[in-house]
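Fold and geometry: a report
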Amino acid sequence: MKKSIIKSTGMFVPPNLITNHDLEKILDTSDEWIKQRTGIEQRYWIEQNMATGSSDLGFEASKIALANAGWTAQDLDFIIFATLSPDIMFPGSGCLLQAKLGLDSTPALDIRQQCTGFLYGLTTADAYIKSGLAGKILLVGAEVHSSGLDKTTRGRDVTVIFGDGAAALCIEGVETKKDAGLLSSVLHADGNLAHALMTELPASRLPVRFPADIPFDDPRYFPVMDGPAIFKKAVRMLPKVIKESLEKAQITLDEIDLIIPHQANMRINQALGQFLKLDDHKIFHNIQKYGNTTAASIPIALHEAMEQGRIGKSGDIVLFTGLGAGLTWGSLIYKFL
Ligand code: ACO
């Protein structure tokens, strides 16, 4: 059976750098609060009032990943696009990206799993490769949060944490006897907690999708989060799911070279490290620079970790983990060929 091998990565963030001090000017917050509670120092947002969708950011990241793999878009036989901020209600951003890549028949699938979009996406890619349905896959995680945030003090708990960005992976099915590729994947979801982090409107479940009696500055048009509840859930569930994935792969935590967690909050990831009794250098952090880029967060971190030489040599083992809206959470273990 073929193994799913990461051939290359690429990432892109828009050039508009927003520091915590910039946010102090538009809502009641402080650099100190944001850094102390989340670890975030800055994030990138698209130029406001510019027509930029998540497929545009995904396109930039994809061009880099394709060039790094030595592939052209025509080599692809499947595209997976993970986002919670699709360019339009439908069709999905995967189709829009496919067209931007100059393709007109390559299948494209959207994944709506928020912060675990990459985990669900890589698992889906692996299943397509192992079943023989695809051989060369482009997996993209991309978000444009900034155009959908409540940039008033009312929305400050959410607005200060989200950044825009994208990353892409070229994944190839490779015939090899070596122990490599996705060693294990454990995914979970609990829809009973959907209300803990959601954007409720517009809603097809309502008789009228854009109700005339609800003004467009109603909080339900913006992401609303029970931050403390999600924080507690993450600190409780991530160690458990990591253990499940280690057992499934039949390896120990000592054998993991680097943990790349979803970058939602530096404190969550530090607490995870303490719980697992890991040195901090075994956990990758870049939330300081980008904030929470949701589906793009883990692949951006992977790209940077590989560029910094912290992971990527033959035999290196990386563990990806995260928890986010849905709720959804999971842990994947990948070994480099
Ligand atoms: N600036 C200043 N004060 C603020 C801000 C802000 N940006 N946001 C909230 N506050 C205030 C609150 O109003 C509150 O004030 P009060 O005590 O007077 O009522 C106080 O700070 C504490 O608020 P908490 O919500 O308890 O703060 P907490 O320490 O929990 O930090 C945070 C909030 C950063 C959101 C944290 O709860 C968190 O990171 N939660 C998890 C987020 C997460 O992992 N989400 C999942 C991924 S995202 C996805 O899936 C799309």
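Our subject is the structure listed above.
The paragraphs below set out a description of the structure included in this document. Numbering of residues starts from 1 in each chain and follows the order in which that chain's sequence is written. Predicted model: local features are reported for residues with pLDDT of at least 70 only, side-chain atom pairs are reported and counted for 80 or more only, and whole-chain, interface and lining totals are derived from all residues. As a convention, hydrogens and water are excluded, and side-chain values are obtained from all of the structure's heavy atoms.

**Thoughts on the site of the ligand**
Any residue with a non-hydrogen atom lying within 4 Å of a molecule or strand is treated as near it. Lining the immediate environment of the ligand, one finds 26 residues, of which T29, R37, C115, N265 and A325 sit closest. Between an oxygen atom of the ligand and a side-chain N or O atom of W33, the distance comes to 3.2 Å. Relative to its free-state accessible area of 1,000 Å², the ligand is covered by the protein chains to the extent of 75%. Working definition: helices are DSSP H or I runs of at least four residues, strands are E runs of at least two. Numbering for both runs from the N terminus. When contributions to the shell around the ligand are tallied by element, the ones reaching two or more residues are α2 (31-38), α6 (156-159), α7 (227-249), α8 (266-275) and β12 (317-324). Here the element with the most residues in the shell around the ligand is α7; it accounts for four residues. Side-chain classes follow a simple rule in which Ala, Val, Leu, Ile, Met, Phe, Trp, Tyr, Cys and Pro form the nonpolar group, Asp, Glu, Lys and Arg form the charged group, and the remainder, Gly included, forms the polar group. Of the residues assigned to the shell around the ligand, the class counts are 14 nonpolar, seven polar and five charged. Mapping the shell around the ligand onto the domain boundaries places at least three of its residues in each of domain 1 (2-175) and domain 2 (181-335). Distance and chemistry together define a polar contact, namely a pair of N or O atoms within 3.5 Å, with one atom able to donate a hydrogen and the other to accept it when in protein, and with adjacent residues in sequence counting only for side-chain atoms on both sides. Shrake-Rupley sampling with a 1.4 Å probe provides the accessible areas, and residues are treated as covered by the protein chains on show and by no other component. Here the bounds of each domain stem from an automatic or database domain assignment.

**Side note on the sheet that holds strand β13 (residues 328-335)**
Strand order in the open sheet formed by four strands is β8-β13-β12-β11, and the pairing between neighbours is mixed. Of all strands in the sheet, those with a lone pairing partner are β8 (181-189) and β11 (258-261), marking the two edges. Going from strand to strand, the sheet's axes swing by 10 degrees on average, the running direction of each strand aside. Where β8 and β13 come together, eight bridges link them in antiparallel fashion. From the neighbouring strand, L187 faces β13, where its bridge partner is G330. The sheet strands contacting α7 are β8, β12 and β13, and the helix crosses β12 at an angle near 145 degrees. By definition in these notes, contact holds between two residues if any of their heavy atoms fall within 4.5 Å. As a rule, the C-alpha atoms of each element are fitted with a line to give its axis, helices using only the stretch in contact, and angles between N-to-C directions run from 0 to 180 degrees. This element, helix α10 (residues 297-307), spans β11 and β12 of the sheet and lies at about 145 degrees to β11. What makes two strands pair is DSSP finding at least two bridges between them.

**Here we look at helix α4 (residues 93-100)**
Each residue's exposure class comes from its accessible area (1.4 Å probe, protein chains only) as a fraction of the maximum for that residue type: buried when under 20%, exposed when over 50%, partly exposed otherwise. Of the positions making up α4, those classed as buried are S93, G94, L97 and Q98. Projected down its long axis, α4 shows its buried positions confined to an angular sector of 145 degrees, all on one face. Where α4 is buried, its residues contact α3 (54-69), β4 (78-82), β5 (108-111) and β6 (136-143). Among the residues trailing α4, G102 stands out with phi positive, at a value near 85 degrees. The arc in question is the one spanned by the directions pointing from the helix axis to the C-beta atoms.

**What about the packing of aromatic side chains?**
Aromatic pairing here means that ring centres of Phe, Tyr or Trp (its six-membered ring) are within 6.5 Å. Orientation follows from the plane angle: under 30 degrees is stacked, over 60 is edge-to-face, and everything else is tilted. One pass over the full model with this rule turns up six aromatic pairs. Taken together, a centroid distance of 6.0 Å and an interplanar angle of 40 degrees make the contact between Y44 and Y290 tilted. One end of the pair, Y44, is in strand β3 (residues 42-45); the other, Y290, is in helix α9 (residues 287-290), and 246 residues separate them in sequence. Residues Y44 and Y290 agree in their burial class; the two are buried. Both rings, one in F216 and one in Y221, keep their centres 5.1 Å apart while their planes meet at 50 degrees; by these two values the pair is tilted. A network of ring pairs unites the aromatic residues F210, F216 and Y221 as a single cluster. One cation-aromatic arrangement involves K151 over W45; the distance from NZ or CZ to the ring centre is 5.3 Å. Note on criteria: charge over ring means Lys NZ or Arg CZ within 6 Å of the ring centre, with the direction from the centre no more than 35 degrees off the ring normal.

**Side note on the pattern of salt bridges**
Between Lys or Arg on one side and Asp or Glu on the other, a salt bridge is scored when a side-chain nitrogen of the former is within 4 Å of a carboxyl oxygen of the latter. Across all of its chains, the model carries 15 salt bridges by this definition. For D56, the salt bridge identified is with K100, shortest N-O distance 3.0 Å. Placement of D56 in helix α3 and of K100 in helix α4 is noted, with a sequence separation of 44 residues between them. For K100, a relative accessible area of 32% translates into the label partly exposed. Here D150 ties to R154 by a salt bridge, and the two come within 2.8 Å at their closest N and O atoms. Using a relative accessible area of 7% as the deciding quantity, one classes D150 as buried. A network of salt bridges, in which partner residues are shared, links K7, K136 and E172.

**Section: the packing of α3 against α4**
The interhelical angle for the contact between α3 and α4, taken along N-to-C directions, is 50 degrees, at an axis separation of 9 Å. By the angle class used here, α3 and α4 are oblique. Along this stretch, α3 crosses α4, giving a crossing that reads as right-handed. Of α4, the residues touching α3 (which contributes S54, S55, D56, G58, F59 and S62) are S93, L96, L97 and K100. Within the contact of α3 with α4, the residues separate by chemical class into three nonpolar, five polar and two charged. Any angle that is under 35 degrees is reported as roughly parallel, and any over 145 degrees as roughly antiparallel; angles of 65 to 115 degrees are reported as roughly perpendicular and all others as oblique. Here a crossing is taken to be left-handed if its near helix is turned anticlockwise relative to the far helix by less than a right angle, and right-handed if that turn runs clockwise.

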